[in-house]
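In case you want the letters, here they are:
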Amino acid sequence: MPRQAAYEAVAAVHRDDAYANLVLPAILRDLRLHGRDAAFATELTYGTLRVLGTLDAILTTAAGRDVQRIDPPVRDALRIGAYQLLYTRVPAHAAVSSTVDLVRSVGQGATGFANAVLREVAGKDLDTWVTQLAPPMETDPVGHLALAYSHPEWIVRAFAEALGGDLAETGRLLIEDNERPPVHLCARPGRADAVDLADEVGGAPGAFSPYAVYLPGGAPGELAALADGRAHVQDEGSQLVANALAVAPLDGADARWLDLCAGPGGKAGLLGALAAQRGASLTAVEVAEHRARLVEQAVRGLPVTVLHTDGRTVGADRDLPEGGFDRVLVDAPCTGLGSLRRRPESRWRRQPSDLPPLTRLQRELLTAALRAVRPGGVVAYVTCSPHTVETHVTVTEAARRSGVPVDFVDARPLLPAGMPGLGDGPTVQLWPHRHGTDAMFLAVLRRG
Ligand SMILES: C[S@@+](CC[C@H](N)C(=O)[O-])C[C@H]1O[C@@H](n2cnc3c(N)ncnc32)[C@H](O)[C@@H]1O
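Everything quoted here is computed from the prediction, not taken from an experiment.

Peer 1: Explain the environment of Thr45 to me, using residue names and the numbers behind them.
Peer 2: In this fold, Thr45 is placed in helix α3 (residues 35–50). Looking at Thr45, the number of C-beta atoms within 10 Å reads 30, which means it is buried. In sequence terms Thr45 and Leu133 are 88 residues apart; their C-alpha atoms lie 24 Å from each other. Each residue touching Thr45, except ones within four places of it in the same chain, is listed here: Ala6, Ala9, Val10, Ala20 and Leu24.

See below:
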């Protein structure tokens, strides 16, 4: 049954462009899978989707034909079978026979083929397959890392560039991207204390964010603290960058805060709670209607006004006056390459051609933010991507072209004291393998 669930989820991702984290819960419910069975189905689904590139290279060799030419239902079943053989402790005979059963139910007449391919796959362990199929690290490091750790080459290249060309560290990042991501809670300031909340949920206080709680087990389920608005689910890195905006030094008024890209409302929830403690209020802007509704739910009871509009209308919208805000967050739409752990299929969907329209939008939104902030006020530009085109290039280009005088603020002192691996400033790049967070980028600008 767990394998059937994983098959249905993986097939829906490939057939319907579905998102695994959205389809899988419904499939688990339909098949009435709970506890260990549900956990196994989840591992098979997420694991198979993450390491798809490596699995496909191996299956292509084992089948003696391009995996893309195998009938899609059989192909997905083989991928789940190969994942079990190479990445889990499932005994080989169980992985093979259960996959052949699966193939019998989805691809008529292909059981002999599936049996032969899986026996071939099982003939070598993962390291041996990688040694056989990956180009040598010495001559083609990007190709090697891409195959060994299952990322598209353009993403490996982008990560390596953001890590200053350090390929050993790039490898550590890729390995981390293939791990099951942790679930972090944000204990909302003024409503909950992280240490008490950690006790309550059987978790541990976060290493860096004063609001973070690490949840054991990976699924937040029906926690009372979430239901009654004392906490929300939020990666620790997201908490840190939102908090950095709130603690950036500011002369003069500090009452009007703006979140220009607020949906679904994680950072607006934290900023709203901080604003409440400081007698400030937050305007949260979101262009997508359903996401604006999610922001409204996330900020209930906090001094937050949600605007369902385009953040680029600063100056044209009465509620978004030029120079009207003391602190502004631009948590820009981006490729999301910094949170690949959480979206197993996304590394295979994203394309380099996604970058130009996104970076144009990022520049426009940051320019709007620089117009929205008052002289002396601060803007935090954030992405959950470390791609330098979306980080450094966007920030320097927008600052240069905006016509607004701006200075970089060193973002490092705005993060908790003693936090390692923050680089040379003034911007900050967080990393899964260094900080256990998503790869959030933060630049803080002050309007002159
Ligand atoms: C990275 S997400 C923001 C995440 C959010 N800050 C949080 O912490 O939950 C970017 C958001 O910007 C929204 N967006 C995209 N274009 C926009 C625009 N022109 N104006 C306002 N919001 C926009 C997207 O719909 C998306 O919800």
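Moving on from the coordinates now.
Peer 1: An account of the UniProt feature "binding site: S-adenosyl-L-methionine" (unreviewed entry) in the protein is needed here, citing residue identities and associated values.
Peer 2: In this numbering, the UniProt entry assigns the feature "binding site: S-adenosyl-L-methionine" (unreviewed entry) to Cys261, Ala262, Gly263, Pro264, Gly265, Gly266, Lys267, Glu286, Asp310 and Asp331. Among all residues touching Ala262, those that are not within four sequence positions of it are Ala268, Ala284, Val285, Glu286 and Val295. Its location among the elements puts Gly265 in the loop between β5 (256–259) and α15 (266–278). Exposure remark for Gly265: the 27 C-beta atoms within 10 Å place this residue in the buried category. Setting aside its immediate chain neighbours within four residues, Gly265 contacts Leu294, Val295, Ala298 and Val299.

Peer 1: Give a detailed account of the pairing of strand β1 (residues 183–187), specifying residues and quantitative values.
Peer 2: In terms of burial, β1 is largely enclosed, as 4 of its 5 residues are buried. In terms of strand pairing, β1 meets strand β3 (residues 212–215) through 4 bridges, oriented antiparallel. Across the sheet, Val183 pairs through a bridge with Leu215, a residue of β3. Relative to strand β4 (residues 231–233), β1 runs antiparallel, the two sharing 3 bridges. The residue of β4 that forms the bridge with Cys186 is His232.

Peer 1: Outline unusual backbone geometry, supporting the account with residue identities and numerical values.
Peer 2: The omega angle of the peptide bond from Gly263 to Pro264 is 5 degrees, so this bond is cis rather than trans. Take Pro264: it is sitting in the loop between β5 and α15. The omega torsion of the bond from Gly425 to Pro426 falls at -5 degrees, within 30 degrees of zero and hence cis. Structurally, the position occupied by Pro426 is in the loop between β10 (406–409) and β11 (428–429). Positive phi, normally seen in glycine, also occurs at Asp17, with a value near 60 degrees. Within the secondary structure, Asp17 sits in the loop between α1 (2–16) and α2 (20–30). In this model, Arg32 sits at a positive phi of 55 degrees, which is unusual for a non-glycine residue. Along the chain, Arg32 falls in the loop between α2 and α3. C-beta crowding within 10 Å serves as the criterion here: with 9 such atoms nearby, Arg32 is assigned to the exposed category.

Peer 1: Outline helix α4 (residues 52–63), supporting the account with residue identities and numerical values.
Peer 2: Over its 12 residues, α4 extends 16 Å from the first C-alpha to the last, a length consistent with the 16 Å expected when each residue adds 1.5 Å. Among the residues making up α4, those that are buried are Leu52, Thr54, Leu55, Asp56, Ile58, Leu59, Ala62 and Ala63. Against α3, α5 (72–87), α7 (111–122), α8 (126–133), α9 (141–149) and α17 (346–349) lie the buried residues of α4. Just downstream of α4, Gly64 is the residue with a positive phi angle, here 75 degrees.

Peer 1: I'd like to hear about the environment of Ala82, residue by residue, with values.
Peer 2: Among the structural elements, Ala82 can be located in helix α5. Accessibility expressed as a C-beta count within 10 Å gives 28 for Ala82, which makes it buried. Each C-alpha atom of the pair Ala82 and Ala244 lies 44 Å from the other, and the pair is 162 residues apart in sequence. Each residue touching Ala82, except ones within four places of it in the same chain, is listed here: Leu55, Ile58, Leu59, Leu118 and Val121.

Peer 1: Tell me about the packing of helix α14 (residues 236–247) against α15, and name the residues and values.
Peer 2: Two elements in contact, α14 and α15, have axes separated by 10 Å at closest approach and are oriented at 40 degrees. Classified by the angle their axes make, α14 and α15 are oblique. Where α14 crosses over α15, the two elements pack in a sense that is right-handed. Residue-level inspection shows Ser238, Gln239, Ala242, Asn243 and Ala246 of α14 in contact with α15, the latter providing Gly266, Lys267, Leu270, Leu271 and Leu274. Of the residues contributing to the contact of α14 with α15, the split by class is 5 nonpolar, 4 polar and 1 charged.

Peer 1: Report on the sheet that holds β1, specifying residues and quantitative values.
Peer 2: Here we have 4 strands laid out as an open sheet, ordered β2-β3-β1-β4, and antiparallel in their pairing. Edge positions in the open sheet fall to β2 (204–205) and β4, since each of these has one partner strand only.

Peer 1: Could you give me a rundown of the site of the ligand, with the residues and numbers involved?
Peer 2: Lining the immediate environment of the ligand, one finds 20 residues, of which Cys261, Gly263, Gly266, Gly311 and Asp331 sit closest. Of all the secondary-structure elements, those providing two or more residues to the shell around the ligand are α15 and α18 (355–372). Counted by class, the shell around the ligand contains 9 nonpolar, 5 polar and 6 charged residues.

About the criteria used
- Residues numbered from 1 in each chain as written.
- Predicted model: local features only at pLDDT ≥ 70, side-chain atom pairs only at ≥ 80, totals over all residues.
- Helix = DSSP H or I, 4+ residues; strand = E, 2+ residues; numbered from the N terminus.
- Buried ≥ 20, exposed ≤ 12 C-beta atoms within 10 Å, placed from the backbone.
- Contact = placed C-beta atoms within 7 Å.
- UniProt positions renumbered as here; feature names shortened; annotations may be inferred.
- Pairing = 2+ DSSP bridges.
- Expected span 1.5 Å × (residues − 1).
- Axes fitted to C-alpha atoms, helices over the stretch in contact; angles between N-to-C directions.
- Parallel < 35°, antiparallel > 145°, perpendicular 65-115°, else oblique.
- Left-handed = near helix turned anticlockwise from the far one by under 90°.
- Nonpolar A, V, L, I, M, F, W, Y, C, P; charged D, E, K, R; others polar.
- Near = placed C-beta within 6 Å.

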